[in-house]
Structures are given as structure tokens and as C-alpha cells.
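Close look at the chain arrangement
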Amino acid sequence: MSRPEDTLAADVHYDDVEARKYTTSSRIKNIQASMTQRALELLDLSSPSLILDVGCGSGLSGEILSDLSPEEGGPHVWVGMDVSGSMLDVALQRDVEGDLFLADMGQGVPFRAGTFDAAISISAIQWLCNAESSDTSPAGRLSRFFNGLYASLKRGGRAVCQFYPKNDAQKKMITSAAVKAGFGAGLLEDDPETKNVKVYLVLTVGGGATSGKGSDITGVVEGMEGVDVLDNRRKGKSAGRGEIKKGSKIWIIKKKEQMERKGKIVKATSKFTGRKRRVQF
Amino acid sequence: MKVLTLNFLTCAVKDCKSSNNSFPLHPKDAELVYDDLEINPQLLVNVLPRVDWVALRTTSTELGFPELPEQPPTVEELESDEKMLQDLHKLLMETQIMEGKLVCGNCGHEYAIREGIANFLLPSHLV
């Protein structure tokens, strides 16, 4: 599958023709709508809120935010930013309710601290991994974006960013940039290992433990059906530094793993590994 | 662009991040439009604590509206006073800037607004 991110900049790729195509395609509309619904489910907003839509495009997801019924916690007021003028032009013609900004997310988020209750971004942040000119770098754009987003969300706020990572390296790069900015971050994958995999980066800003739940993604997905939690983080101090005694069996196995990762030939671990030899006399 | 949104906007220029003058942005040659929107009391109550009242007073004076009271209404006052709710809704949500400029009080950068869309793209040396 071709990735437009590989060939052109976002504002060049989405010209008048592409923007119109994107907005009139019923397939894209359906996918966008279901992803927005999923993102809303993850945000779990109970009352009308102020939401930032990053990479709002023609306002496909924003429309869903403003049309939400009071029973579902809506209607929300949203502010959208996008780098493509053509997309915003289509949004204007479709008469969306949110406020629109022509802005590049890689240049930061120009709102004062604690503005938004939540933020969503549908199929946008993978564009951050491209830098079109020599004076910006993907890392710089990512850090400016996540720092700005972190500041503009209120304490306890959440952001859900659906994105299409090119590969695992890109996934990791985006997630670690978010963590560096201070977010509690986690990835939710719908339909993993299929062609239709959808990756959601769920970000929480400190103090999200409103109802005794965890403040990170494990708290967010708690109670959701069909979600398996894979927690790769280190548990407590057991794996912490300074705990393993030098020369012990655990230490030896750790060293062997280290060497194996380096590509050295290592003897297989057995029940005799790390044992003392018997006394000879 | 809604007056509510203007109350949250700061200058995007890097050097202005640390300055107090970069907020609020000052509207210049603004053309206003009233857009009839359905009132959403719960949203206003939710948003009110986050609105910078001093900045809102400045903005509303700059846009040529009558002066706002010195103290922001409390949530209880807002819930009980229908008239105040209507007024706030009218100012924050229905009043929209369609054309004009936003000027930063610190660096003087002008952000153009066209058809209600503000242009916050910056040349790379300012980021």
C-alpha cells in the first residue's frame, strides 16, 4: 500500500482535488466515523467539553463531536487545526461548527495552559515523522507537538490519537516522544495483526485517577470488552538496578542474554548454570 | 473564530512563550458576525472556570462591546441567572470574528483571519 506520507508534505499532498476526494469518499467517511467513535469511547467524556482536533481536515470527526446527543455527554465544542488550506476550505463549505486554524502541529499548539478537556487526532500524527525542510527534524516536530499538547490539556485530561505508523520504529518514536513530554502513554490496537489494524495512542495528563482507576491507559481501557492488556513496563523494584547480586544465577543469565543480544555465541542455560562445582576431595 | 477560542489563544512564536504580553492576542480591524447557535448551559458552566476573565474584559472592550463586570460570575450565579447565561453565550459562542488580524502584544506578529480561519503557520526561524 502506498503511503502519501512518503512522497509529499501534508499541505502539498492534500490539495483541492485530494481534499475533495478524501471528503466525498464514503469508505473513508465510514472509517473516520468509526475511529472517531472509538476515540470518544476512550476519552469517556460525561459532559459537554472543549476538545482540540489535531489534523481536523475537512471536519469529518468534528462533525461527530458536535452532533453528539446530550445522553452521550455531548454536544462538544471543538477547535480544529490543520496544515492543509484545501482541507479547511472543504470544511468551510461543509459549514462545520468548530473553529478552524491553519496551523502546523509540528510547530506546537498555540493555546494557553490547561485550555482543553480532551484532544483527538484521527489519522494525522504520523505526518510528524516527516520533515520537509532541513531546518526541522522529525524528533523536533514530535517534541514541539507533544509538549504543546501536554501544556494545552487540563490536568486529568486525555488525548486519543489514531495514527498509521509506517513500522515499529515509527510507533516507538512517537510513543517515546509522548512519554518524554510527560504524558502517561499507551497504545491500543484494534484488529491487531490484520491489514485493518488501527493504532490508538492514548495519552493521559497526570491526576487522571478520577474514580480510583489507574491514571494511564490500563485505567482507560478498564471495563472495556475485548481488550487484552500487555504491560511491558517493569514491575516494581524486582527488576531495578542494584538488586541483582553479582555472581548469582540471575546475574549470570542476565549477562548471557546481554551477550546474546550483542550476537556473541552463548552456551545454553541449563539447570547447572551458576552452580558451584562440588568439592574435589 | 469564536471569542471563547480567542480567550485561549496565545502567540505561537517561540520567544513569546515566556512573556506575559503574548496573551491575550489583540484583535485588529475585526469584522464580526453573529451566528445563531443553540445554547449549551452545561458547556458554559464547564468552561467558565478556565476563561481568563481579565483577558475577556480586554477583548470585549477592544471589540467595542459594553464593559463586563469586574468579577466573573460564579457557577451558582450562572446557573440561576438565565439572562447572564444568555449574555455570556452571545459573547463567547455566537460572536465570531470573520475577517481581520490578531496581534501579539509582545512581538507584534500579526495572524491573519480569513473567513473565520486564523493562519498560525509560522516561518521556521520563529518556531
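Rules of the game
Residues numbered from 1 in each chain as written. Chains lettered and ligands numbered in written order. Predicted model: local features only at pLDDT ≥ 70, side-chain atom pairs only at ≥ 80, totals over all residues. Heavy atoms only, no water. Contact = heavy atoms within 4.5 Å. Buried area = accessible area lost by both parts, 1.4 Å probe. Salt bridge = Lys/Arg side-chain N within 4 Å of Asp/Glu carboxyl O. Polar contact = N/O pair within 3.5 Å; in protein donor to acceptor, adjacent residues only side chain to side chain. Helix = DSSP H or I, 4+ residues; strand = E, 2+ residues; numbered from the N terminus. Phe/Tyr/Trp six-rings, centres within 6.5 Å; stacked < 30°, edge-to-face > 60°. Lys NZ or Arg CZ within 6 Å of the ring centre and 35° of its normal. UniProt positions renumbered as here; feature names shortened; annotations may be inferred. Core = buried A, V, L, I, M, F, W, Y, C linked by side-chain atoms within 4.5 Å. Buried < 20%, exposed > 50% of the residue type's maximum accessible area, 1.4 Å probe, protein only. Axes fitted to C-alpha atoms, helices over the stretch in contact; angles between N-to-C directions. Parallel < 35°, antiparallel > 145°, perpendicular 65-115°, else oblique. Left-handed = near helix turned anticlockwise from the far one by under 90°. Nonpolar A, V, L, I, M, F, W, Y, C, P; charged D, E, K, R; others polar.

Turning our attention to the interface of chain A and chain B. Counting from both sides, the interface comprises 28 residues of chain A and, opposite them, 30 residues of chain B. Of the roughly 2,500 Å² buried at the junction of chain A and chain B (both faces included), carbon and sulfur atoms supply 59%. At the junction of chain A and chain B, the tally comes to two salt bridges. One salt bridge in this structure joins K2 of chain B and D99 of chain A, with 3.8 Å as the shortest N-O distance. Our enumeration of links across chain A and chain B arrives at 16 residue pairs in polar contact (both at pLDDT 80 or more). At four residues, the largest contribution of residues to the side of chain A that touches chain B is made by strand β3 (residues 99-102) of chain A.

This part takes up the packing of aromatic side chains. In this structure the tally under the stated criterion is nine aromatic pairs over all chains. Ring centres 5.6 Å apart and planes at 85° place the aromatic pair Y14 of chain A and Y22 of chain A in the edge-to-face group. Clustering of aromatic rings is evident, with ring pairs tying together F101, F111 and F116 of chain A together with Y111 and F120 of chain B. One cation-aromatic arrangement involves K90 of chain B over Y34 of chain B; the distance from NZ or CZ to the ring centre is 5.3 Å.

With that out of the way, let us pick up the UniProt feature "domain: Methyltransferase type" (unreviewed entry) in chain A. What UniProt calls "domain: Methyltransferase type" (unreviewed entry) maps, in this numbering, to residues 52-161 of chain A. End C-alpha atoms of residues 52-161 of chain A are separated by 11 Å, and the span's content is 28% helix alongside 26% strand.

If you look at the biggest cluster of nonpolar residues, it comprises 79 residues, and the most contacted ones within it are L52, I125, F146 and L149 of chain A. For this core, the element with the highest residue contribution is helix α5 (residues 82-94) of chain B, accounting for five residues. Counting residues in each nonpolar core, the second largest holds 25 residues, with A39, L43, A91 and L188 of chain A among its members.

What follows is about the packing of helix α7 (residues 138-152) of chain A against helix α8 (residues 168-180) of chain A. Residue and element names in this part refer to chain A. Put simply, α7 and α8 touch, their axes get as near as 9 Å, and they point 45° apart. For the element pair α7 / α8, the angle class is oblique. In this structure, the crossing between α7 and α8 has a hand that is right-handed. Of the residues in α8, those touching α7 at P138, A139, L142 and F146 are M173, I174, A177 and A178. By residue class, the composition of the contact of α7 with α8 is eight nonpolar, no polar and no charged.

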